[in-house]
Every structure is written in C-alpha cells, then in structure tokens.
Amino acid sequence: MSNKGRLLFDEQAREKRRWTLFAVGACVIAGALMLLGVGQTFQLKIQDIWYGVRGDRNPSPQVVIVGIDGKSLNAQEERWPWPRDAYVPLIDKLNQAGAKVIGFDLAFSKVTEQDGAFASAMSAQNNVVFGMVFNDAGDRSPPSGAPPPEVVEQAVPPFDIPFLNVIPAPGVEPPAPALAEAAAAVGHVVLLPSLDGTLRRIPTLIRHGDRAYPSFAVQMARVYTDVPMEQVEVTASHLRVGYADIPIAQTAEALLNYTTKDLDFAFPTYSMLDVMRGDVGEDELSGKAVFVAMTAEGLDDRDLPFGMTLPGVLVHATFLENFFTLSFLQYPSWGIGLEIGLFLALAVVAILLFPRLQTPVLFAVAPILLLGVLGLSLYLFMTKSMWWAPLYP
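For every chain, the first residue of the written sequence is number 1, and numbering continues from 1 onward in sequence order. In keeping with the predicted nature of the model, local features appear solely for residues at pLDDT of at least 70, side-chain atom pairs appear and are counted solely at 80 or more, and the whole-chain, interface and lining totals rest on all residues. Each side-chain value is derived from all of the structure's non-hydrogen atoms; neither hydrogens nor water enter the calculation.

(A) Looking closely at the side chain of Ser-60. Along the polypeptide, Ser-60 turns up in the loop between helix H2 (40-54) and strand E1 (63-68). Per-residue accessibility, obtained with a 1.4 Å probe over protein chains only, is compared with the maximum for each type, and a residue is labelled buried under 20%, exposed over 50%, and partly exposed between these values. Assessed through its relative accessible area of 5%, Ser-60 is described here as buried. Reaching out from Ser-60, the side chain makes a polar contact with the side chain of Gln-62 at a distance of 3.1 Å. Note on contacts: a residue pair qualifies if any of its non-hydrogen atoms lie within 4.5 Å across the two residues. Ignoring any residue separated from it by four or fewer positions in sequence, one finds Ser-60 in contact with Glu-321, Phe-324 and Thr-325. In this description a helix means any DSSP run of H or I spanning at least four residues, a strand means any run of E spanning at least two, and both kinds are numbered starting from the N terminus. In protein, a polar contact means a hydrogen-donor-capable atom and an acceptor-capable atom, both N or O and within 3.5 Å, with residues adjacent in sequence counting only if both atoms are side-chain atoms; elsewhere, any N or O pair within 3.5 Å suffices.

What follows is the structure, given as structure tokens:
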C-alpha cells in the first residue's frame, strides 16, 4: 500500500473512532439525564401542544361550579370568612333546584357556634361533601397522634399492594366534628404540582398513618354514584369506584385530561349570589354535581397548564368530569419498556452505524426517527387518551 493510501486509511480509521467515541459519550450522557429526569419539563410542554392539536372535547354536562366571586363577597354584610349559617340558604336553594351532590371546596376546620345550623341543613338530603386538609404531603414522618374518628371513617378499605407508594401526610385538619358527622363524605384536597409547577395530576389517595383516604373529587364521585365506601377497591393500577376504573400511577395519582385549553370556560360557572337570588335554578342545577368554591380573583388561584392561573376547584371538577366520561389520561403499561427498548436500540445503532454513515445520511435519518416517535406519542394521545412522553435528552 502506498504512503498516500496508508495515510487515507489511517485518517478514515481515526474518523470512525472519533464517531464511535462521540456516539458512546452521547449515549452515556443521554442515559444519565434520562435517569435524573432532566428534560421532563420540556416533555410536559409537548403534552400542551398535543392538547392544542387535539382541540376541545365535549365535557360532561353533569359538573357545574357555584363560585364565591367578587359580587357575592360584596353582597354579604359580613366580611370573609362568612359565618357558617350563611351557607344554609345556599344548601336549601341547591337542593330545591335538584342538585345531586354538593361539594364544598372550602376549609371548615374550626368549631363555631353556627355549626349546628349548618349541619342540620346538610343532613336533610345527605348529599354534601367536604374537603379536609392534609399537611406536609410527601413527608414520611409518622402522625403525631391518632386521627379523630370522623377522619378514620373516611378511609378506604385496607389494602396491601407491593410497589404502590401512596403519598403520605403526617398532619390532618378535618372539618369541625359536627360538620364531618353530618356530611355524606369527606375527602382530602391535596394538590401537588408537576415539575413545571402546574397541576396536571391529582392524588386519588393520601396515606395518613396506616390508612389511606380518598380525595375530595373521588368522594364526590362515590356519593354521586351511590357507591358505599366498602365497595371502593384499590389495585396496583386502578382505583375502582362503582363502574369506573380510575387509572393511577405508582403514587396513586391520576393524570387529568383537561377538556379544553380555555380553562376559563371548561365548566358552567354561576355566581353564588345569582343562585341565592333564584336567577339560577332547576334548569341549570338539576341532577348536577355542584362544586361550591372560591372563584374571586387571587383568593384560591393555582398554576394550571397552558400558562393559566385560575381557581383550584377546576382541578377537582376536571377529575370528576374525567370520572363521568371515563376519559382520564393514562400511562401505557408498556410505556417504560418501550422507552428503554428505544433507548437501547438507538444506542446500538449510534455506536455501530453512525461511524459508518456519511454526514448527509445522518442528517436525514435523525429527523425521520424524531418524527416517528412524536407521531406515535400524538397518535396515542388522540386515539387512546394515553400520555407517552416522546423525547428524552
């Protein structure tokens, strides 16, 4: 072989080694970032794009919100928070209009002199659900003491499922005892943001001590469908409430499927003042699941997807809508296996073939692979209500 040919061969060998080292290094870095969860915020932005591509879907007509808005606050002589007996006429109006279940997304943990009147109004139809606060969700410290009986009564039947890691919470603030006893159900109102700071999922259960307690929206669903607590079943992948199998992650969280990107208009919302005046009645409320919540600007605002800051009740309402329409987003059971398989396949291809391919070929193959993965993710989202994260660094 001539010196010129030998030099050319050596240069080609060095070029292949450089490409091989580059491919191996890229795979190692990508694998490390994948394990560390880097890039997951970007993945969630892709989910928002998929919502835009899908467009709006028809929501369940069974969910409405009665908002304590600015004009309701201004119409009351008492300053916020209102005395408990101020809600008695509201419960009467909602029941007269035929509301099936009424959920108060408000904290009533302190004992007051008006609790008796409030409890008496609730007992008439036995259709009122309250929220209760669990403090320090995610803290695995044991509870400081035994929970009160009105809390224990709300727990789901005991279960022992390996690899199901229900989010713990050591502190609890239940409703005042008289209200908890009069309520049809009480559920937790814990909302935990995703990595991008927005609310995309909801814990269906919170563990307190050795028992697990359902969420406020789960309790709304259970009361609406007349399912006894004894018939609520927890499995490794679902929370079964009556006819509905709610898909859950290993943390017992459910992934919400928002009906629209215009969350301001996701559900019919009526002013509490208009309900009290009789301007909103049977036509709007009969047979409905009614959330009573703070909607006045700035008093219970949460960061939601699509860059919106709106009242947190929309999260509970979306869960209940997903329950009625069986439209929860879910992770495919094979999703992790596919992600690992694709990563390993691409790693092998990168190490073995990239050094042998010409640069123009590489620039042609990469976009095709990317479009294929994105297309699969979009197809699953639109046709199967599945969320499969398409990209890793």
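Further notes follow.
(B) Seen up close, unusual backbone geometry. Geometrically, the link from Trp-80 to Pro-81 is a cis peptide bond, its omega value of 0 degrees lying close to zero. Residue position: Pro-81 is located in the loop between helix H3 (70-75) and helix H4 (88-96). The backbone of Leu-326 shows a phi angle near 50 degrees, a positive value even though the residue is not glycine. With respect to the helices, strands and loops of the structure, Leu-326 is situated in the loop between helix H11 (313-325) and helix H12 (335-353).

(C) Representation of the nonpolar core in the model. Throughout, nonpolar core names a set of buried Ala, Val, Leu, Ile, Met, Phe, Trp, Tyr and Cys residues whose side chains join them through atoms within 4.5 Å. Tyr-258, Leu-263, Phe-291, Phe-319, Leu-320 and Phe-323 are the most contacted members of the largest nonpolar core, which has 62 residues in total. Ignoring anything within four residues of it in the chain, the contact list for Tyr-258 reads Tyr-51, Arg-54, Arg-57, Leu-199, Leu-263, Leu-304, Pro-305, Phe-306, Val-315 and Thr-318. Core analysis: the second largest hydrophobic core is formed by 46 residues, Ile-91, Phe-108, Ala-155 and Val-292 among them.

(D) Up close: a nonpolar patch on the surface. A patch consists of residues whose relative accessible area exceeds 30% and which take part in no salt bridge; residues with like charges are grouped when within 9 Å of each other, and nonpolar side chains (Val, Leu, Ile, Met, Phe, Trp, Tyr) when within 5 Å. Values of accessible area rely on a 1.4 Å probe in the Shrake-Rupley scheme; residue burial ignores everything except the protein chains shown. Definition used for salt bridges: Asp or Glu carboxyl oxygen within 4 Å of a side-chain nitrogen of Lys or Arg. Among the surface-exposed residues, Ile-49, Val-53 and Met-382 lie close enough to one another that they form a single nonpolar patch of about 260 Å² accessible area. Counting through the fold element by element, Ile-49 comes out in helix H2. Given a relative accessible area of 48%, Ile-49 falls into the partly exposed group.

(E) Main features of the pairing of strand E15 (residues 301-304). In this analysis, strands are considered paired if DSSP registers two or more bridges between them. Sheet topology note: the E15/strand E16 (residues 308-311) ladder contains four bridges and is antiparallel. Counterpart to Asp-301 in the pairing with E16 is Pro-311. Remark: three residues form the turn of the hairpin made by E15 and E16, two consecutive strands paired antiparallel; Phe-306 in that turn has positive phi of roughly 70 degrees.

(F) Up close: the packing of aromatic side chains. Centres within 6.5 Å are what make two rings of Phe, Tyr or Trp a pair, Trp counting through its six-membered ring; a difference in plane orientation under 30 degrees is then read as stacked, over 60 as edge-to-face, and the rest as tilted. Applying the stated rule across the entire model yields 21 aromatic pairs. Note on Tyr-87 and Phe-104: the rings are 5.7 Å apart at their centroids and 85 degrees apart in plane angle, and the pair reads as edge-to-face. Remark: Phe-104 occurs in strand E2 (residues 101-105) and Tyr-87 occurs in the loop between H3 and H4; sequence separation between them is 17 residues. Between Phe-104 and Phe-108, the aromatic rings sit 6.0 Å apart at their centres with planes inclined by 70 degrees, giving edge-to-face as the arrangement. The exposure class of Phe-108 is buried, given its relative accessible area of 5%. A network of ring pairs unites the aromatic residues Trp-80, Trp-82, Tyr-87, Phe-104, Phe-108, Phe-118 and Phe-130 as a single cluster. In this analysis the charged atom, NZ for Lys or CZ for Arg, is taken to sit over a ring once it is within 6 Å of the ring centre and within 35 degrees of the ring normal. Directly above the aromatic system of Tyr-224 lies the positively charged group of Lys-100, at a separation of 4.4 Å from the ring centroid.

(G) Structural context of the side chain of Glu-150. Of note, Glu-150 is situated in helix H6 (residues 149-152). Charged residues are defined narrowly, with Lys and Arg counted positive, Asp and Glu counted negative, and His plus the chain ends left uncounted. For Glu-150, which is buried and forms no salt bridge, the nearest opposite charge comes from Arg-84, at a distance of 12 Å. Once residues lying within four places of it in the same chain are set aside, the contact partners of Glu-150 are Pro-177 and Ala-180.

(H) Broad picture of the packing of helix H8 (residues 216-224) against H11. Interhelical geometry of H8 versus H11 gives an angle of 40 degrees and a closest axis separation of 9 Å. Between H8 and H11, the crossing angle belongs to the class labelled oblique. For H8 against H11, the interelement crossing comes out right-handed. For the pair formed by H8 and H11, the contact residues are Phe-216, Ala-217, Val-218, Met-220, Ala-221 and Tyr-224 on the first element and His-316, Phe-319, Leu-320, Phe-323 and Phe-324 on the second. Across the contact of H8 with H11, the residue classes break down as 10 nonpolar, one polar and no charged. Under this scheme, a helix contributes an axis fitted over its contacting stretch, all axes are lines through C-alpha atoms, and angles between N-to-C directions fall in the 0 to 180 degree range. Note on terminology: angles under 35 degrees are roughly parallel, angles over 145 are roughly antiparallel, angles of 65 to 115 are roughly perpendicular, and the others are oblique. Helix crossings get a hand from a simple test, with the near helix turned counterclockwise from the far one by less than a right angle marking a left-handed crossing and a clockwise turn marking a right-handed one. When residue character is reported, Ala, Val, Leu, Ile, Met, Phe, Trp, Tyr, Cys and Pro are called nonpolar, Asp, Glu, Lys and Arg charged, and the others, Gly included, polar.

(I) Region of interest: the environment of Leu-239. Looking at the element boundaries, Leu-239 is found in strand E10 (residues 238-241). For the pair Leu-239 and Ala-254, spaced 15 residues apart in sequence, the C-alpha to C-alpha distance is 9.2 Å. Not counting residues up to four positions away in its chain, the partners in contact with Leu-239 are Thr-204, Val-218, Val-232, Glu-233, Val-234, Ala-244, Asp-245, Ile-246 and Ile-248.

(J) Up close: the pattern of salt bridges. Throughout the structure, instances matching the rule amount to 10 salt bridges. Lys-71 is paired through a salt bridge with Asp-274; the nearest N and O atoms lie 3.1 Å apart. Residue Lys-71 is located in helix H3, and its partner Asp-274 is located in helix H9 (residues 272-277); the two are separated by 203 residues in the primary sequence. Given a relative accessible area of 39%, Lys-71 falls into the partly exposed group. Here Arg-302 makes a salt bridge to Asp-300, at a shortest N to O gap of 3.5 Å. Residue Arg-302 is classed as partly exposed on the basis of its relative accessible area, which comes to 29%. Each of the salt bridges in this network shares a partner with another, and the network as a whole consists of Lys-45, Asp-48, Asp-196 and Arg-200.

(K) The arrangement of helix H5 (residues 115-123) in detail. The set of residues buried in H5 consists of Asp-115, Phe-118, Ala-119, Ala-121 and Met-122. Seen end-on, H5 carries its buried residues on one side only, within an arc spanning 160 degrees. The arc in question is traced by the directions running from the helix axis to the C-beta atoms.

(L) Region of interest: the environment of Ile-102. Among the structural elements, Ile-102 can be located in strand E2. For Ile-102, a relative accessible area of 0% gives the class buried. When the C-alpha positions of Ile-102 and Val-223 are compared, they lie 9.6 Å apart, and in sequence the two are 121 residues distant. With residues up to four places along the chain from it excluded, the contact list for Ile-102 reads Ile-91, Leu-94, Asn-95, Asn-127, Val-128, Val-129, Met-220, Val-290 and Val-292.

Keep in mind that these numbers describe shape and distance, not what the molecule does.
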